[in-house]
Amino acid sequence: MQKIQNFINGEYIDPIKGNYIDNVDPGTGKVFASIPNSTQEDLEKAVSASQCAFPEWSSMAADKRSRILHKLADLIEDNLEELARMESRDNGKPFWLAKAVDIPRASANFRFYASAIVNFSSEAQVSEGFMVNYTRRAPLGTVGCISPWNLPLYLFSWKIAPALAMGNCVIAKPSELTPMTAYMLGELSKEAGMPAGVLNILHGEGKGIGQAIVEHTATKAISFTGGTATGKIVGATASQQFKKVSLELGGKNPNIVFSDCDLEEAVKTSVKSSFTNQGEICLCGSRILIEDAIYDEFKEKFVKECQKLVVGDPSDDNSNLGALVSESHLQKVDSYVKLAIEEGGRILHGGNRIEKDGFYYEPTVIEGLDENCRTNLEEIFGPVVTLNRFKDENEAIRISNSTRYGLSCTIWTSDLKRAHRVSHAVQSGIIWVNCWLVRDLRTPFGGMKDSGIGREGGNEALRFFSEPQNVCIKL
Ligand code: TXE
């Protein structure tokens, strides 16, 4: 059985206290590796390594840092197959998906910020004959990056790439459920020429080492992606020390289908937005709102497409969906399906665990629920979608805004004016019109309401990982 280590000061080392936790393969339900359950002692080592590395890394010319990050992006591409295989085994997602999306995107994250940092400039204001102001943007020092299990290397790299590009040193913790690709990244970062101590990767439980990273006075900013309940604790802890904090949390995203849409396209993409990655993406559309006039037609076509989906072995290229991440997560998803039935929902497709080793669940479509029932308000984060009717635009907007979340929304219409109108009325940080999950990395990424605070992406992330300092010179 594989035993992994922390990556501190450019070396793989065992956890000081010698504590480990099991890592389970969701595809088989069997333990396949053990991972450090790091403690304060490991964190202290990582903190001192990062602080020793900071003067050199932060003062290095941006184009030199950029070259190292480009090299890391190259190495991720060179190791695509192996990283994708590990990501699939760790998370349960299909190998083809990890190979086509997760790992290429991790490489793209490093490449994007390697380029962004050499194009980043700070602002200057000139009051002719009176004064000149310019804003210096300094890296913060040591920062903490904590990421979840659903898109392991993708979200891990989305945080650490801008932090490193800006000249910070990083202490990062991947989810204890999916540590393997982050573990592999340590070696690749060394091969790319990253100086020791710049990137430190600690493994272990959130309430232990995750919380310790947030509490440590040395971490000057915390970038966190995960559940809303955890985000609340992280935000409260970080704010005690006035740390900068960015929280990317859950969603209960509406997918609004108007009767003037391209129905075939709306159905096809809605199947993807409901079930890609087993529905374990914070951007998945989990409430489909359909205009009355096309409800029956949409439903029939949608269910027909869902019946074609294959749930199976993550290593099989024919599997559309793999396994859910853990037994406890599967139990959570199943409990929501049972709740939906109690709340009056009708199961149109799926609704059951698949009886085989591992954590497999059928893609599940439910209709007939009240817009304000728990199934329609709470984040399930699995292959479960509800179909709901609406009469007109105002009702669609009202239902869309009825949850505590505000992460993303998809709108299907061929009426351009309506697309703008509805986009501006829906309380979501990200709106897709006639598409889903199309991303330009320059754009701000993040949610409104309980979906989080702060934005990632583009220059937003470079600003987050730096401190502005205004310098005023009298002319
Ligand atoms: O996430 P957690 P969980 C949602 C989804 C899911 C629920 C819970 O609804 O069912 O959250 O999932 C670390 N201080 N999302 O429990 O706990 C933890 O180790 C510091 C949405 O797996 O939020 C992991 O690295 N860190 C989501 C990370 O936080 C702590 C993605 C996320 O774990 C910590 C995942 C603490 N006190 C789940 N406690 C999205 N928005 O994409 C835990 N962690």
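Here the structure is a predicted model, which means the values were calculated and not measured.

**Some remarks on the pattern of salt bridges**
Then, number 1: Taken as a whole, this structure holds 32 salt bridges when the rule is applied.
Then, number 2: Its salt-bridge partner being glutamate 77, residue arginine 111 comes within 3.2 Å of it at the nearest N-O pair. Pair noted here: arginine 111 is in helix α4 (residues 95-119) and glutamate 77 is in helix α2 (residues 62-78), with a separation of 34 residues, a long-range link.
Then, number 3: Accessibility expressed as a relative area gives 25% for arginine 111, which makes it partly exposed.
Then, number 4: Close ionic contact of lysine 159 with glutamate 456 constitutes a salt bridge, the shortest N to O distance being 2.7 Å. Here lysine 159, found in helix α5 (residues 152-165), pairs with glutamate 456, found in the loop between β22 (452-453) and α15 (458-464); they are 297 residues apart in sequence, far enough to count as distant.
Then, number 5: With a relative accessible area of 5%, glutamate 456 lands in the buried category.
Then, number 6: Within the structure, one salt-bridge network assembled from shared partners comprises Asp260, Glu393, Arg418 and Arg421.

**Focus: the environment of asparagine 9**
Then, number 1: Positionally, asparagine 9 belongs in the loop between β2 (6-8) and β3 (11-13).
Then, number 2: According to the relative accessible area criterion, asparagine 9 is partly exposed, its value standing at 39%.
Then, number 3: Separated by 121 residues in the primary sequence, asparagine 9 and phenylalanine 130 have C-alpha atoms spaced 48 Å apart.
Then, number 4: If we ignore the near neighbours within four places in the chain, the residues touching asparagine 9 are Ala49, Ala196, Gly197 and Asn200.

**With respect to the sheet that holds strand β6 (residues 124-127)**
By way of backbone hydrogen bonds, the strands of a sheet pair with one another, either parallel or antiparallel.
Then, number 1: As summarised here, the arrangement of the 3 strands in space is β6-β7-β23, forming an open sheet in which the pairing is antiparallel. Edge positions in the open sheet fall to β6 and β23 (466-474), since each of these has one partner strand only. Direction aside, neighbouring strands of the sheet carry axes that sit 15 degrees apart on average.
Then, number 2: Sheet analysis places β6 next to strand β7 (residues 131-139), joined by 4 bridges and oriented antiparallel. Of the residues in β7, the one forming a bridge with valine 126 is valine 132.

**Some remarks on the packing of α4 against α5**
Helix-helix packing is characterised by the crossing angle of the two axes and by the distance between the axes.
Then, number 1: Across the interface, α4 lies against α5 with an axial gap of 8 Å and an inter-helix angle of 10 degrees. Classified by the interaxial angle, the pair formed by α4 and α5 is roughly parallel. Between α4 and α5, the contacting residues are Val101, Asp102, Ile103, Arg105, Ala106, Asn109, Phe110, Tyr113 and Ile117 on the first element and Pro152, Leu153, Tyr154, Ser157, Trp158, Ile160, Ala161, Pro162, Leu164 and Ala165 on the second.
Then, number 2: Its residues placed into classes, the contact of α4 with α5 shows 15 nonpolar, 2 polar and 2 charged.

**What about the nonpolar core?**
Then, number 1: Membership of the largest hydrophobic core comes to 77 residues, with the highest contact counts inside it found for Phe110, Tyr113, Ile160, Val170, Leu185, Met194 and Leu283.
Then, number 2: Three or more residues apiece are contributed to this core by two domains, here domain 1 (2-249 + 451-474) and domain 2 (254-442).
Then, number 3: Contact partners of valine 170, with chain neighbours within four places excluded, come to Val143, Cys145, Ile160, Ala163, Leu164, Val198, Leu199 and Asn200.
Then, number 4: Membership of the second largest hydrophobic core comes to 23 residues, among which are Ala266, Cys306, Leu321 and Ala323.

**Concerning the sheet that holds strand β4 (residues 20-25)**
Then, number 1: The sheet built from 3 strands is open, its strands ordered β1-β5-β4 with mixed pairing. Only two strands of the sheet have a single partner each, and these edge strands are β1 (2-3) and β4.

**Some details on the site of the ligand**
Then, number 1: Neighbouring the ligand are 28 residues; Trp149, Glu176, Gly227, Lys332 and Glu379 lie closest to it.
Then, number 2: Separating an oxygen atom of the ligand from a backbone N or O atom of serine 147 is a distance of 2.8 Å.
Then, number 3: A distance of 2.8 Å is found between a nitrogen atom of the ligand and a side-chain nitrogen or oxygen belonging to glutamine 211.
Then, number 4: Coverage of the ligand by the protein chains reaches 86% of its 810 Å² of free accessible surface.
Then, number 5: Broken down by secondary-structure element, the contributors of at least two residues to the shell around the ligand are α7 (206-215), β11 (219-225), α8 (228-240) and α11 (327-342).
Then, number 6: Ranked by the residues each element gives to the shell around the ligand, the list is headed by α7, at 5 residues.
Then, number 7: Its residues placed into classes, the shell around the ligand shows 10 nonpolar, 12 polar and 6 charged.
Then, number 8: No fewer than three residues from each of domain 1 (2-249 + 451-474) and domain 2 (254-442) sit in the shell around the ligand.

**Let's talk about the domain arrangement of the protein**
Then, number 1: According to the domain assignment, the protein consists of domain 1 (2-249 + 451-474) and domain 2 (254-442).
Then, number 2: The gap between the C-alpha centroids of domain 1 and domain 2 is 30 Å.
Then, number 3: Contacts between the two partners involve 31 residues from domain 1, matched on the other side by 31 residues from domain 2.
Then, number 4: Of the roughly 2,300 Å² buried where domain 1 meets domain 2, counting both sides, 59% is carbon and sulfur surface.
Then, number 5: Together, Trp96, Trp149 and Ser451 form the three largest contributors to the area buried by domain 1 at its contact with domain 2, with a combined 21%.
Then, number 6: Applying the counting rule to domain 1 against domain 2 returns 1 salt bridge.
Then, number 7: Here lysine 30 ties to aspartate 357 by a salt bridge, and the two come within 3.8 Å at their closest N and O atoms.

**A look at the environment of glycine 29**
Then, number 1: Considering the arrangement of structural elements, one finds glycine 29 in the loop between β4 and β5 (30-36).
Then, number 2: By relative accessible area, which is 35% here, glycine 29 ends up partly exposed.
Then, number 3: Separated by 298 residues in the primary sequence, glycine 29 and glutamate 327 place their C-alpha atoms 7.9 Å from one another.
Then, number 4: Beyond its immediate chain neighbours, meaning those up to four positions away, glycine 29 contacts Val24, Gly358 and Phe359.

**Focus: the state of the cysteines**
In protein chemistry, a disulfide is the covalent bond that joins the sulfur atoms of two cysteines.
Then, number 1: Across all of its chains, the model carries 0 disulfides by this definition.
Then, number 2: For the unlinked cysteine cysteine 261, the closest cysteine sulfur is that of cysteine 435, found at 13 Å.
Then, number 3: Cysteine 373 takes part in no disulfide bond, and the closest cysteine sulfur, belonging to cysteine 409, lies 19 Å away.

**Re α8**
Note that an α-helix has 3.6 residues per turn; residues three or four places apart therefore point the same way.
Then, number 1: Between its first and last C-alpha, α8 extends 19 Å over 13 residues, near the 18 Å set by a 1.5 Å rise per residue.
Then, number 2: Turning to α8, its buried residues number three or more, namely Thr228, Gly231, Val234, Gly235, Thr237 and Ala238.
Then, number 3: Elements in contact with the buried residues of α8: α7, β11, β12 (244-248) and β18 (405-406).
Then, number 4: Where α8 ends, the next residue or the one after it, phenylalanine 242, has phi of about 55 degrees, a positive value.

What counts as what
Think of each chain on its own: its residues are numbered from 1, step by step along the sequence as written. The model is predicted, so local features are restricted to residues of pLDDT at least 70 and side-chain atom pairs to those at 80 or more, both for listing and for counting; the totals for chains, interfaces and linings are taken over all residues. To get the side-chain values, all heavy atoms of the structure are used, and hydrogens and water are removed first. Think of a salt bridge as a Lys or Arg side-chain nitrogen and an Asp or Glu carboxyl oxygen that are within 4 Å of each other. To qualify as a helix, a DSSP run of H or I must reach at least 4 residues; to qualify as a strand, a run of E must reach at least 2; elements of each kind are numbered from the N terminus. Relative accessible area decides the class of each residue, using a 1.4 Å probe on protein chains only: under 20% of the type maximum gives buried, over 50% gives exposed, and in between gives partly exposed. Note on contacts: a residue pair is in contact if any heavy atoms of the two residues lie within 4.5 Å. By the convention used here, strands pair only if DSSP detects at least 2 bridges between them. Between N-to-C directions, angles span 0 to 180 degrees; the directions come from axes that are lines fitted to C-alpha atoms, helices contributing only their stretch in contact. Each angle gets one of four labels, with under 35 degrees taken as roughly parallel, over 145 as roughly antiparallel, 65 to 115 as roughly perpendicular, and the rest as oblique. By the convention adopted, Pro, Cys, Tyr, Trp, Phe, Met, Ile, Leu, Val and Ala count as nonpolar, Lys, Arg, Asp and Glu as charged, and the other residues, Gly among them, as polar. Nine residue types can take part in a nonpolar core, namely buried Ala, Val, Leu, Ile, Met, Phe, Trp, Tyr and Cys, and a core is a set of them joined through side-chain atoms within 4.5 Å. The start and end points of each domain follow an automatic or database-based domain assignment. When we say a residue is near a molecule or strand, we mean one of its heavy atoms is within 4 Å of it. Here a polar contact means two N or O atoms within 3.5 Å. Within protein one must be a hydrogen donor candidate and the other an acceptor candidate, and residues neighboring in sequence count only if both atoms are side-chain atoms. In these tables, accessible area is a Shrake-Rupley quantity obtained with a 1.4 Å probe, and a residue counts as shielded only by the protein chains included in the view. Summed over both partners, the accessible area (1.4 Å probe) lost when two parts come together is defined as the buried area. Disulfides are defined as cysteine sulfur pairs within 2.5 Å. Multiplying 1.5 Å by the helix residue count minus one yields the expected span of that helix.

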